[in-house]
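What the coordinates show
Each chain, written out:
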Amino acid sequence: MPAGCARNAQSGIEPRLGRGKEPYVKIISIRDVIGPIMIGPSSSHTAGALRIALMCRRLLSGTPVAADFKLYGSFAQTHDGHGTDKALVAGMLGMAPDDERIRDSFDCAQAAGLAFTLTPRAADHVDHPNTVDIDVIDDTGAHVSVRGESIGGGAAVITRINGVDVRLTGEFHSVVIRQTDAKGVLAHIASIISACDINIATTRLFREKKGDTAYTIMQTDDEIPAGIADALLVHPDIHDVRIVKSDRASDAIPPEHANGPGTGFGADMTAEEAAAAFDEIDFANGRELLAYCEREGIRISEAICRRERCLLAADGIAVDDTRNYLMGALEIMHASATTPIAAPRESIGGLLGGEAQKLDALTTGPLDPLMAKATTYAMAALETNASMGRIVAAPTAGACGVIPGVLLACQDVYGFTDEQLRDALANAAAIGYLITRNASVSGAEGGCQAEVGSASAMAASAVAELFGGTPRQCLDAAGNASMGLMGLVCDPIAGLVEVPCQKRNATGAANALVSAQIALAGIGNFVNFDETIDAQRRVGASLPFELRESALGGIAATPTACSFCAGCK
């Protein structure tokens, strides 16, 4: 029996279907909406790129000594402005997506003895716009070649290993097995796994042709003991085994005891009971969420935390650390929204730096203290993002200033506690979850209405709950905010997450406060939340390519913007 394996495990290696959903369809969690915690400026171009390189590193036999990165699509076009180049090198060095050394990763590589080259291949066709090929040699002399795609929100997938098409995500702990495609190999793998107490998420075999080299990739909810590798290698047709730890592990924060097993909703549920409960509260839309809140007499923040508790327990995670994760995210939001006020830092593209400090110093402007603070904090957080500081993507890096701007301003003016802001953040996560599920939070898919517009809707609902609003009023506030920014295009100058992104974050914060005020007055919406979000989806899909994060239209196509872009690398 492999070291570290104790109890008898589930037998077989069929893919888990995600509690009634299709295989391999990711179930959205709070961490997917309020997160990732990352270094800016872009969820897909920075955090996602880093995760590709980090997964590649974990496939190596030793320490990388030489790496060649070939960048395709938008990676090739905007890699320096988005910090993609720095993020890829940082991932190869083993840094996490929120490591503040990422900005200086080139110097770190030199100190570590890692040689690297970066080659843009903008003219080459690839299936996904955020694609990179990585060729690495480690200190054992072994060579690994991978292709990776950054698929949005900081998530990434390895789609090719040494010429074989595969699918390896960083969402799970994984074991990657290189083998000869021969009879008996899969049975051997199954027999080893059956001796270990491991909850299997998916297992898939990838091969080019029958009898040739193949890869079995098994993704699990549980960390994989190192002894499994030796046990698997006993089979003569298994040539190599790599255990790849989940690249989401760094998101974990020590749990609060109050959220653990034995207390509150769903205490001590078995995985089967939690899965059944999850099916009942996996809200598909605002109507279902509202009905549940009104039936149970609870706030939206509690409803989404109950859903998260069931999701975790169904996956065999005994301790629910959701509220503590949100508290940690709130702390990072606070730092991102206040640091530039005291110590401005120039952005990567050179378009930002010092704006929040100027706003904070203004004493004769037309805004009241709440609105003034919200706009200042929102712009400050975007400054942090644009200068490769640590932020919380909520729901994206490009919209990371809206929610902290609103919540921190409310705390300053009205004295709300951190615990109250944490619950408001959970409420925001519920709205973001519904928008992600039924529309999009990607600027490339739906324009800036999908990023800043969605963040504004999330913030509006959070503020409504913070001020005692009912769940219905929260959904009305979110719908108001979405309508207020519907049709907003995504047109970043030179492809940088700087202009007009910073001021749009401030606009999103102001729009959220206005929308919440209207809803709290008891003014309902003629069109409900679900229909509004569906309209947002349809409007986003109808926007031309030039107005969806291509940097080819809108403000990005003005003479001044084009003049700046022509001077870029």
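Residues numbered from 1 in each chain as written. Predicted model: local features only at pLDDT ≥ 70, side-chain atom pairs only at ≥ 80, totals over all residues. Heavy atoms only, no water.

Observations regarding the overall build of the protein
Broken down by element type, the protein carries 21 helices and 12 strands. Here the C-alpha radius of gyration of the protein, 24 Å, is about what a compact globule of 569 residues would show, namely 25 Å. Considering only C-alpha atoms, the protein reaches an extent of 75 × 60 × 40 Å along its principal axes. By residue count, 56% of the 569 residues in the protein fall in the buried class. Taking the intrachain contacts of the protein between residues at least 6 apart in sequence as the baseline, contacts between residues at least 24 apart amount to 76%. When the accessible surface of the protein is split by element, carbon and sulfur atoms take 53% of a total near 22500 Å². Distance between charge centroids for the protein: 3 Å, based on 46 positive and 68 negative side chains. (Helix = DSSP H or I, 4+ residues; strand = E, 2+ residues; numbered from the N terminus. Rg over C-alpha atoms; globule rule 2.2 N^0.38 Å. Buried < 20%, exposed > 50% of the residue type's maximum accessible area, 1.4 Å probe, protein only. Contact = heavy atoms within 4.5 Å. Areas by Shrake-Rupley, 256 points an atom, 1.4 Å probe, with all protein chains shown as cover. Lys, Arg positive; Asp, Glu negative; His and termini not counted. Charge placed at Lys NZ, Arg CZ, Asp CG, Glu CD.)

Some remarks on the nonpolar core
Membership of the largest hydrophobic core comes to 99 residues, with the highest contact counts inside it found for Ile34, Ile403 and Leu425. Setting aside residues no more than four positions away along its own chain, Leu425 makes contact with Ile34, Leu326, Ala329, Leu330, Met333, Ile403 and Leu407. (Core = buried A, V, L, I, M, F, W, Y, C linked by side-chain atoms within 4.5 Å.)

Topic: the state of the cysteines
All told, the structure shown has zero disulfides when counted by the stated rule. With no disulfide of its own, Cys310 has Cys305 as its nearest cysteine by sulfur position, at a separation of 11 Å. Judged by its relative accessible area of 0%, Cys310 falls in the buried class. (Disulfide = S-S within 2.5 Å.)

Some points on the environment of Ala551
Assignment of secondary structure puts Ala551 in the loop between helix H20 (529-542) and helix H21 (559-566). A sequence separation of 172 residues divides Ala551 from Met379, and the C-alpha atoms of the two residues are 21 Å apart. Setting aside residues no more than four positions away along its own chain, Ala551 makes contact with Pro492, Ala494, Gly495 and Ala556.

Description of the sheet that holds strand E3 (residues 115-120)
Hydrogen bonds between backbone groups are what pair the strands of a sheet, and the pairing can be parallel or antiparallel. Across the sheet, six strands lie side by side as E3-E2-E4-E5-E6-E7; this open sheet has mixed pairing. Edge positions in the sheet fall to E3 and strand E7 (164-169), since each of these pairs with one other strand and no more. Between one strand axis and the next, the sheet turns through 20° on average, direction left out of account. Bridge count for strand E4 (residues 130-138) against strand E5 (residues 143-152) is seven bridges, and the pairing is antiparallel. Within E5, the residue paired with Asp135 across the bridge is Ser145. Taken strand by strand, helix H4 (residues 84-92) contacts strand E2 (64-72), E3 and E4, and its axis lies near 145° from that of E2. (Pairing = 2+ DSSP bridges. Axes fitted to C-alpha atoms, helices over the stretch in contact; angles between N-to-C directions.)

Topic: the pairing of E7
Pairing between strand E6 (residues 155-161) and E7: four bridges, direction antiparallel. The partner of Ile158 across the bridge, within E7, is Leu168. Between the antiparallel neighbours E6 and E7 lie two residues, among them Asn162 with a positive phi of about 50°.

Here's the deal with helix H17 (residues 448-466)
A rise of 1.5 Å per residue sets the reference length of H17, with its 19 residues, at 27 Å; its end C-alpha atoms lie 26 Å apart and thus fit the reference within 8%. The buried count for H17 comes to 19 of 19 residues, which makes it a mostly enclosed element. Where H17 terminates, the next one or two residues include Gly468, which has phi positive at roughly 90°. (Expected span 1.5 Å × (residues − 1).)

Let's talk about the sheet that holds strand E9 (residues 200-207)
With respect to topology, four strands assemble into an open sheet ordered E9-E10-E8-E11, the strand pairing being antiparallel. Edge positions in the sheet fall to E9 and strand E11 (238-244), since each of these pairs with one other strand and no more. Taken pair by pair, the neighbouring strands of this sheet meet at an average axis angle of 15°, ignoring direction. Sheet strands in contact with helix H6 (residues 185-194) are strand E8 (173-180), E9, strand E10 (213-220) and E11, and its direction is about 150° off that of E8.

What to know about the domain arrangement of the protein
How large an interface is tends to be reported as the accessible area lost when its parts come together. Examined at the domain level, the protein breaks down into domain 1 (38-249) and domain 2 (332-341 + 349-567). Relative to domain 2, the C-alpha centre of domain 1 lies at a distance of 33 Å. Each partner contributes to the interface: domain 1 provides 16 residues, whereas domain 2 provides 14 residues. Between domain 1 and domain 2, a total of about 1200 Å² is buried, with carbon and sulfur atoms accounting for 54% of that surface. Counting the surface domain 1 buries against domain 2, the share from its top three residues, Met38, Pro41 and Arg103, is 38%. (Domains from an automatic or database assignment. Buried area = accessible area lost by both parts, 1.4 Å probe.)

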